[in-house]
Structures are given as C-alpha cells and as structure tokens.
Amino acid sequence: MHQEVELLALGAGPSNLALAVALEELSPELATRTLIIEQHEDVVWQRGMLLPWTQSQVSFLKDLVTLRNPQSRFSFVNYLHSVGRLNEFVNLGSFTPYRMEISDYLLWVANSLAQVRIEYGRRCVAIEPVLSDGGEVERWVVRLGDGSTIACRTLVVGAGRDPHIPEVFDTLPRERIIHSTEYSRKIAGIDHDAPHRVAVIGGAQSAAEMLWATHQNMPNAQCTMVMRSIGLNGYESSKFTNELFYASFIDEFYGSRPDARRQLLGEMHRTNYAGLSPGLLENLYRQIYLERLTGQERIRMITMTEVPEARLENDEIILTLSDRKSGRRRELPCDVLLLGTGFDRRMPSLVRDLAAKAGMDEIAVDRFYKLALPEGSSASCYLQGVNEDTHGIADSLLSALANRAEEIVGDIQETRATAELLLPFALPIAS
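On a predicted model such as this, the values are computed, not experimentally measured, just so you know.

Basis of the calculations
Residues numbered from 1 in each chain as written. Predicted model: local features only at pLDDT ≥ 70, side-chain atom pairs only at ≥ 80, totals over all residues. Heavy atoms only, no water. Pairing = 2+ DSSP bridges. Helix = DSSP H or I, 4+ residues; strand = E, 2+ residues; numbered from the N terminus. Axes fitted to C-alpha atoms, helices over the stretch in contact; angles between N-to-C directions. Buried < 20%, exposed > 50% of the residue type's maximum accessible area, 1.4 Å probe, protein only. Core = buried A, V, L, I, M, F, W, Y, C linked by side-chain atoms within 4.5 Å. Contact = heavy atoms within 4.5 Å. Parallel < 35°, antiparallel > 145°, perpendicular 65-115°, else oblique. Left-handed = near helix turned anticlockwise from the far one by under 90°. Nonpolar A, V, L, I, M, F, W, Y, C, P; charged D, E, K, R; others polar.

(A) Representation of the sheet that holds strand β15 (residues 329-334). With respect to topology, three strands assemble into an open sheet ordered β13-β14-β15, the strand pairing being antiparallel. A single partner strand is all that each edge strand has here, and the edge strands are β13 (305-313) and β15. Pairwise comparison of adjacent strand axes, ignoring direction, gives a mean angle of 25 degrees for this sheet. The pairing of β13 with strand β14 (residues 316-323) spans seven bridges and is classified as antiparallel. Residue pairing in the sheet places Glu-313 in a bridge with Glu-316 of β14.

Laid out in structure tokens, this is it:
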C-alpha cells in the first residue's frame, strides 16, 4: 500500500501532538493534509516508566498549548474539565500532575483532533530521500514495517532519541537487561515473589524509580544500585535557573558561542538528568534507614563505581565493579539488570541514516528546527526533541512544546508559500 501526504509526522508523542494542535489552530488547510503515524496501538506518555505514583516535574501549565494559546480547547485544564476532575485537581493543590494523568491528557488530545489524522500500529523502519539529478532532496518516502510506504514533501521526526545501552553489556542476553524505556512491560514478565538479585545501573530519576518500584513490588528481591556519582542528589530547581527553560531563552542559547552552550548545558545537567525529585529521595532514604534499623536490608547503594566488564556465567550475570576512589575491583552477581542509563546523545539512528542517504556530511538544524538539506532541496525535514546542543536543555522537555510547534508551523507556512510561487505542489492523502 502506498500513500501520499503533504506533511508526515513520525511518532504520536507530545512533540507531534503539540504540532497537530498548532496546525489545527494556525493552519487548518495544512492540517487536513497532515498524517501522524505511531508504531504503538495507542498514545502513552513515557510508556516504559508509567508507574502509578510518579509525577511530572513540570507545571501543568506547560502543556501542549497554554504557553502559546491560553484559550485553546486543547489545554490540560480543559481536559480536566472534560473528564470531570477539575475540582479534585484544584483541591490537590499541586502544579505537577501524575505521570499517568499527563499520559491520559495526551490520549485525550489525540482523540480530540478534528483535522490531523493519526494512524496507529505503523512503524517506520527507514526514510528514503528522493533525489534530483543534482542531489537535491525533492521529497521523502517512508518505509513501514508492514511493507507499505508513505511519500511526503514535509517530514517531521518526533520519535525521540535511541535508548543508551553501554557497550559493556553488549555480550549479555538482551532478555536479561531491562532499559528504563521498557521497564513496565518487561518487569511484568518476571516472577515478583522470587528472591531475585537485582542490579540497577545509574544514579538519576529513572534509575531510582526502577529501584523503588522493584523493591516495593518484589518483597523478596535484593536491590543494589550502582552509580558513578558520590550519591543521589535532588533536582536543581532554583527559580533563577528555571528561567532558562523559557521559550524566550532559546534565541539567546542558539546565538551563543559553542563554549557558552557547553557551559550552560553542563551547569543545567542536574535540572533534568542528574537529580531526583525530593519525594523520591526522602522515600529512599527513609526506607534504607528503616531496613538498617530492623536488620532486614534489601537496598544497597554502591557509589563512585564503574562497571568495566560484564558477562553471563552459569546463568547469572556477573558485573565487574571498579571503585573510582581506590581502583580496586570486585564482582557483583545478579539475576536481573536494570539500566537507568538514559539516551544516546547522538541524533537518532533513523535521522543519521536519512542524512547519509541524502549525502549530508553533518546533521544541523536552523533556528526553526529545520534540517539543513543540500542547497536547492524542495523537501524539508524538521527534528523535534533532539536539538539540545543548539536549542538548549529544554528541547527534549514539555516546557518547549507549545512555542516550538508554533515556530515550526510558521516556518512550514513560509516555506510552502515560497515553494508555491516557484512550483505549485499539494499532495492529498490517498484513500
């Protein structure tokens, strides 16, 4: 099966849902010519870590639309009103909703779209640029897992970064490793009553959430957390540093020199990647204290430690631990390995492959998130959520969604207007 659309967006996550809402509100005609494809059968936010007690660290006002259009019917407040929970949320007295609540909000938005279409169960496996004789990109052909294809002139990639699985674990059976992006699904297949020895690699929020969830749900498990840092830290949440998440700061960051950008990203690391929420820190410390008090210790933390080697031996995982203070090595046997190791800092493999096929030596985006294609290309490609190096640390977070969507829609409209003056082109969605 082959389809042709004018604008194709990959992934029905927050970025592309914000784009869909912006299209319906700012460019209805283009919205009718837009298709979003999602590899899963539904919309779920942070699918792997959708634990019932987890909360967002971002204000509900930083939803898909409010910072761009406070009067939008797609706001989080209107969602609460629509599902009959506005009074309860107000009474809760919190700016940070539960993670499952945001996930339900995103599904509500997806189901409320009137013009932009979403098709589920459609997994992109490759993106092929259609090149002219001179090497310019004329349009894209997206190949899906079921063998079908979709052609478009404008492509928006919002599928997120690839999970980071350190090379040291490459030789281990993949079924014995659980990355945070797949935790909820894979942990469900493990016997919760067995006396598992569980090792958690990492020292930030996702690692700590897996540690806590496993400890609470597996009463006979021994849980060991291994981290490179000196210990668990809280998020940096100063109101002064939080101003760096304003949409207005993106221009300042984009225009900064490379060394200034590196400093900003480095100093803001703990605002998102290297810290824990205060509530989780408190729970973990109190639990460890109580276990020491009763002599029934099931949580252990090993700090300042690297894992230079890992192997499977007699059906158990053997981790080699290297103490960063003394250099001494020892071995830690475990049955299950949980990875809170975050995401690959490189561009997603799908984008790297796309760029290579288009003959591009490097991957770069302009201020409006548009990929720099060979000069003269009539096609365009926008990258969402993977531009921290050029647009700041908020690029992968909910904070930037509403304003970024408006900027991308505006740039697409300007590009279309210019292209129509030169070569009228409008591909309808094929039935």
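(B) A look at the pairing of strand β2 (residues 7-10). Because side chains alternate across β2, one face comprises the buried residues Leu-7 and Ala-9, and the other comprises Leu-8 and Leu-10, equally buried. Note: β2 against strand β3 (residues 34-38), four bridges, orientation parallel. Counted as the bridge partner of Leu-8 is Leu-35 from β3. In this structure, β2 lies alongside strand β8 (residues 154-157), joined through four bridges in parallel fashion. If you follow Leu-10 over to β8, its bridge partner there is Val-157.

(C) Layout of the nonpolar core. Leu-17, Leu-23, Leu-64, Tyr-105, Leu-106 and Leu-113 are the most contacted members of the largest nonpolar core, which has 43 residues in total. Elements supplying a minimum of two residues to this core: β2, α1 (14-26), α2 (28-31), α3 (76-82), α5 (99-112) and α15 (401-422). If you tally residues by element for this core, the top one is α1, at seven residues. Look past the residues within four positions of Leu-113 in its chain and what remains in contact with it is Leu-17, Ala-20, Val-21, Glu-24, Phe-74 and Ile-118.

(D) How the structure looks around the packing of helix α7 (residues 205-217) against helix α12 (residues 278-294). Across the interface, α7 lies against α12 with an axial gap of 11 Å and an inter-helix angle of 45 degrees. Classified by the interaxial angle, the pair formed by α7 and α12 is oblique. Two packed elements cross with a definite hand, and for α7 against α12 that hand is left-handed. Here α7 contributes Gln-205, Ala-208, Glu-209, Leu-211, Trp-212, His-215 and Gln-216 to the contact with α12, which in turn contributes Leu-280, Asn-283, Leu-284, Gln-287 and Glu-291. Looking at side-chain class alone, the contact of α7 with α12 contains five nonpolar, five polar and two charged residues.

Any link to function would need more than the numbers given here.
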